[in-house]
Amino acid sequence: MEKLTLANGIGIPCMGFGCYNAYDDVITSAVQMALEAGYRYIDSAEFYKNEAAVGAGLASYAGDREELFVLSKIWPSSFDDVAAAFGRTSKDLQTEYLDSYIIHWPGTDEKRRLSAYEQLLGLAEKGLVRAPGVSNFSIPQLEKIREEFGTYPFVHEIECHPSYQQRALIDWCRERKIQVISYEPLNRTKDLALPAVEMLAEKYGKSPAQIVLRWYVQHDQIPIPKSGNRERIRENIALFDFELSEDDMEAIDALETGVKDGQDAAKFPAGY
Ligand SMILES: NC(=O)c1ccc[n+]([C@@H]2O[C@H](COP(=O)([O-])OP(=O)(O)OC[C@H]3O[C@@H](n4cnc5c(N)ncnc54)[C@H](OP(=O)(O)O)[C@@H]3O)[C@@H](O)[C@H]2O)c1
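Parameters at a glance
All residue numbers here refer to positions counted from 1 along the written sequence of the relevant chain. Two thresholds apply to this predicted model, a pLDDT of at least 70 for residue-level local features and 80 or more for giving and counting side-chain atom pairs, whereas whole-chain, interface and lining totals are computed over all residues. No hydrogens and no water enter the side-chain calculation; it runs on all heavy atoms of the structure. Numbering of helices and strands runs from the N terminus, with a helix taken as a DSSP run of H or I at least four residues long and a strand as a DSSP run of E at least two residues long. Values of the radius of gyration come from C-alpha atoms, whereas the globule rule sets the reference at 2.2 Å times the count of residues to the power 0.38. Note on areas: Shrake-Rupley with a 1.4 Å probe; residue coverage comes only from the protein chains shown. When charges are tallied, Lys and Arg are placed among the positive residues and Asp and Glu among the negative ones, while His and the ends of the chain are skipped. A charged residue contributes its charge at one atom only: NZ of Lys, CZ of Arg, CG of Asp or CD of Glu. Near residues are defined by distance, with any heavy atom within 4 Å of the molecule or strand qualifying the residue. N or O atoms within 3.5 Å of each other form a polar contact, as long as, within protein, one can give a hydrogen and the other can take it, and as long as residues adjacent in sequence are counted only when both atoms are side-chain atoms. Here the term charged refers only to Asp, Glu, Lys and Arg, the term nonpolar to Ala, Val, Leu, Ile, Met, Phe, Trp, Tyr, Cys and Pro, and the term polar to all other amino acids, Gly among them. For two strands to be treated as a pair, DSSP must find at least two bridges joining them. Note on contacts: a residue pair qualifies if any of its non-hydrogen atoms lie within 4.5 Å across the two residues. Note on method: axes are straight lines fitted to C-alpha atoms, helices fitted across the in-contact stretch only, with angles between N-to-C directions ranging 0 to 180 degrees. Working rule for handedness: look at the near helix, and if it is turned counterclockwise from the far one by less than a right angle, call the crossing left-handed; if clockwise, right-handed. Among buried residues, the Ala, Val, Leu, Ile, Met, Phe, Trp, Tyr and Cys ones that are joined through side-chain atoms within 4.5 Å form a nonpolar core. Exposed residues in this analysis have more than 50% of their type's maximum accessible area, buried residues have under 20%, and partly exposed residues fall in between, with area computed by a 1.4 Å probe over protein chains only. Ring pairs shown here join Phe, Tyr and Trp side chains whose ring centres sit within 6.5 Å, with only the six-membered ring taken for Trp; geometry is labelled stacked below 30 degrees between planes, edge-to-face above 60, and tilted in between. Here, a charge over a ring is recorded when the distance from Lys NZ or Arg CZ to the ring centre is within 6 Å and its angle to the ring normal is within 35 degrees.

**Q** Tell me about the overall build of the protein, residues and numbers included.
**A** Each helix and strand in the protein was counted, giving 10 helices and nine strands. A compact globule built from 272 residues would reach a C-alpha radius of gyration of about 19 Å, and the protein, at 18 Å, matches this within 12%. Counting every atom, the protein has about 11,800 Å² of accessible surface; 49% of that belongs to carbon and sulfur. Charge-centre separation for the protein: the mean point of 29 positive side chains lies 3 Å from the mean point of 43 negative side chains.

Laid out in structure tokens, this is it:
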């Protein structure tokens, strides 16, 4: 698996495996199947309420821990005690350190958000987190992190798919060496039925999912598709034997509609 390099020199696989919305044995075996298929970046979160089952899947990996990139997320309800959240997550995932640990949503309370980020930097200083990051932040919120702490987060995980590309934010992050990770990369399957995607699938003899996921890889935008199905887990990583032409990359770039699937970060989650 090809890697991209974060601003602090750490390598991150160019695609990952999402762990949202699957539980117990289903996610344990999905993680095992993903590792067997060649995924090395596992995208987890305490909020998903499945980290012990994800950890059981990770524990099955026969190779060295250093070969894996394990990311988890801090929910705003844990902003006042990030060390405690880290303790629960690291125990459940059966790992002493996280390759990346990120603020899941900014919440609406700037003081608590900044305090959480400061605590996260403390974990990084202790060697427990290799690359602190964030998710669902706006540009002013990213700027505030740099103003307060002197550096930008190393990764920014955001909703991104052909029909909602966040191009301006991604270009802004790229200029500042903040690595973008694209969540809901299949738009929870909705973007797979777009006629342009189906046409390209036909042209390249690939599945619609492979066309869409290859588009992120060529844009260096790390997709993290989730699947609980062995065939689709394998299909989604079989992206490295073909290349989309420049014109076909542009054809997918042109699918932007501005319609987002997920929550509005200015209001979500309520109460934080
Ligand atoms: N930071 C955040 O706030 C945030 C928010 C949302 C998600 N995420 C992360 O992003 C990951 C991915 O997002 P997501 O799981 O919401 O959506 P997604 O990956 O866009 O879509 C997942 C859906 O696509 C189906 N699927 C997967 N591969 C397929 C294929 N080749 N052909 C047809 N259908 C396919 C899956 O069904 P099967 O399982 O049946 O294959 C599942 O229903 C999450 O798991 C999570 O790790 C982060």
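**Q** Give me the site of the ligand: which residues, what numbers.
**A** If you check the shell around the ligand, you find 28 residues, and the closest are Asp43, Arg188, Ser227, Arg232 and Asn236. In this structure, an oxygen atom belonging to the ligand sits 3.2 Å away from a main-chain N or O atom of Cys19. Measuring from an oxygen atom of the ligand, one finds a backbone N or O atom of Asn187 at 3.4 Å. A total of 910 Å² of accessible area belongs to the ligand in isolation, and the protein chains cover 85% of it. When residues of the shell around the ligand are assigned to their parent elements, the largest contribution, three residues, is made by helix H9 (residues 230-237). Broken down by class, the residue content of the shell around the ligand amounts to 11 nonpolar, nine polar and eight charged.

**Q** Outline the sheet that holds strand E3 (residues 17-18), supporting the account with residue identities and numerical values.
**A** If you walk across this open sheet you meet the seven strands as E3-E4-E5-E6-E7-E8-E9, and the pairing is parallel. Looking at the sheet topology across the chains shown, the edges are occupied by E3 and strand E9 (179-183). Against the sheet, helix H3 (residues 82-93) makes contact with strand E5 (69-74), strand E6 (98-103) and strand E7 (129-135), and its axis sits at roughly 135° relative to E6, the strand it touches most. On top of the sheet, helix H6 (residues 167-175) reaches strand E8 (155-159) and E9; it is set at about 170° to E8, its chief contact.

**Q** Now, about the packing of helix H1 (residues 24-37) against H9: what can you tell me, with residues and values included?
**A** For the pair H1 and H9, the least separation of the axes is 10 Å and the interaxial angle reads 35°. Taken as a pair, H1 and H9 cross one another with a handedness that is right-handed. Taking contact as the criterion, the partners of Ala30, Met33, Ala34, Glu36 and Ala37 in H1 are, on H9, Arg230, Ile233, Arg234 and Ile237.

**Q** Quick one: what's the story with the nonpolar core, residue by residue and with numbers?
**A** In this structure, Phe17, Val31, Leu58 and Tyr101 are the most contacted members of the largest nonpolar core, which totals 84 residues. The element that contributes the greatest number of residues to this core is helix H8 (residues 208-218), accounting for seven residues. Those residues in contact with Val31, other than ones at most four positions away along the chain, are Phe17, Cys19, Ile42, Val54, Gly57 and Leu58.

**Q** Provide a residue-level description of the packing of aromatic side chains, including the pertinent values.
**A** According to the stated counting rule, one finds 11 aromatic pairs in the structure shown. Relative to Trp172, the ring of Tyr152 lies with its centre 5.6 Å away and its plane at 85°, an arrangement referred to as edge-to-face. Within this pair, whereas Tyr152 is found in the loop between helix H5 (139-149) and E8, its partner Trp172 is found in helix H6, the two being separated by 20 residues in sequence. Summarising the burial analysis for this pair, Tyr152 and Trp172 share the class buried. Taking the centre distance of 5.0 Å and the plane angle of 70° together, the rings of Trp215 and Tyr216 count as edge-to-face. Taken individually, Trp215 and Tyr216 each receive the classification buried, so the pair is uniform in this respect. The structure contains a cluster of three or more aromatic residues connected by ring pairs, namely Phe47, Trp75, Trp105 and Phe268. Just above the ring of Tyr97 sits the side chain of Arg65; from NZ or CZ to the centre is 4.1 Å. It is Arg113 that lies over the ring of Phe137; its NZ or CZ is 5.9 Å from the centre.

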